[in-house]
Amino acid sequence: MSNPYQSQRPAIGQRADAAQDVVYRWLKQHVLNLPSREGTFLTEAEVCRETGTSRTPVREALLRLEADGLLQIVPKKGAYVPPITETEIEAVMQARGLVEEWCARQASGLGDMLATELDRLIARQVEVQHDTVAFIECDRDFHRTIVRAAGNPVLADFYESLRDRQLRMGVRAITISGGRGDSVLAEHAAIVEGIRHGQPEQAAAAVAQHLARTLVALRLPIAAGWGSVATERSPAVAAQ
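As annotated in an unreviewed UniProt entry, the protein chain is GntR family transcriptional regulator from Mesorhizobium wenxiniae.

If you want it as structure tokens, here you go:
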């Protein structure tokens, strides 16, 4: 079977750091598109084979993804990509609501200055709408910009800790829910309008509606079993 990522293989003779970047990008996209209802192990040998590179750039790319929080390196076993459970989804979305609604209220005082930057990010999302991972990364930038604009570094740091789970959840929501991408763009525009007009409650309400609809989209695959945990493939069991 053909490899959909074959075109991204590093060219022979590339410098080690360039090869590492290519492997990192390939591996990140691969991880974000893995089935999220179960844990998955990746080995260095598998990644080397798929990307056509040596073990050194693969090992460095895996370490970078571990630092990003997207996987866990298990000695003598490989890299483990953990499942995302229904409980975790509910908890992350509750945390996002608490942070993002407050931040939208605070950031609305910046009016046009912030709205202009958010308009640019929405335009970028439109450009990459065909690429699910890039679309969700832009989505993350949109929300991060609002959180940072609120001016509370403690909340901003906490929000960053949700990054890996947001990316995986976002990719899954867009993939499973037909037309969700267009809805996200419209919901983002509604948030920007509240900020542009300096209306804190309007901006917060738009954020709340956006997150509520995202949660509905995330629950769809759970109904089909996506959120179940395949415990037989967890690191503890696999290591026995």
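*Asks:* Whenever I open this one, the side chain of His210 confuses me. Can you help?
*Replies:* Note that His210 resides in helix 10 (residues 200-223). Note on His210: relative accessible area 2%, which makes it buried. Within the structure, the side chain of His210 is placed 3.1 Å from the side chain of His143, a separation counted as a polar contact. When sequence neighbours within four positions are dropped, the list of residues in contact with His210 reads Asp139, His143, Arg180, Val184, Glu187, His188 and Ile191.

*Asks:* Can you help me understand the sheet that holds strand 3 (residues 78-81) in this one?
*Replies:* Think of a sheet as strands paired side by side through backbone hydrogen bonds, with each pair either parallel or antiparallel. Strands sit in the order 1-3-2 across an open sheet of three strands; the sheet is antiparallel. Both edges of this open sheet fall to strand 1 (40-42) and strand 2 (72-74), since each of them pairs with a single strand only. Going from strand to strand, the sheet's axes swing by 35° on average, the running direction of each strand aside. The sheet contact formed by strand 2 and strand 3 spans three bridges and is antiparallel. Directly across from Gln72, in strand 3, lies its bridge partner Tyr80.

*Asks:* Any chance you could explain the pairing of strand 3 here in plain terms?
*Replies:* Strand residues, when the strand is regular, have side chains that alternate between the two faces of the sheet. Note: strand 1 against strand 3, three bridges, orientation antiparallel. Of the residues in strand 3, the one forming a bridge with Thr40 is Val81.

*Asks:* I tried to follow the nonpolar core on my own but got confused; where do I start?
*Replies:* Grouped burial of nonpolar side chains is what soluble globular proteins tend to show. Within the largest apolar cluster, 62 residues are counted, with the highest numbers of intra-cluster contacts made by Leu118, Phe142 and Ile146. Shared between two domains, this core takes at least three residues from each, and those domains are domain 1 (19-81) and domain 2 (86-218). Not counting residues up to four positions away in its chain, the partners in contact with Ile146 are Cys103, Ala104, Ala107, Leu118, Ile191 and Ile195.

Rules of the game
- Residues numbered from 1 in each chain as written.
- Predicted model: local features only at pLDDT ≥ 70, side-chain atom pairs only at ≥ 80, totals over all residues.
- Heavy atoms only, no water.
- Helix = DSSP H or I, 4+ residues; strand = E, 2+ residues; numbered from the N terminus.
- Buried < 20%, exposed > 50% of the residue type's maximum accessible area, 1.4 Å probe, protein only.
- Polar contact = N/O pair within 3.5 Å; in protein donor to acceptor, adjacent residues only side chain to side chain.
- Contact = heavy atoms within 4.5 Å.
- Pairing = 2+ DSSP bridges.
- Axes fitted to C-alpha atoms, helices over the stretch in contact; angles between N-to-C directions.
- Core = buried A, V, L, I, M, F, W, Y, C linked by side-chain atoms within 4.5 Å.
- Domains from an automatic or database assignment.

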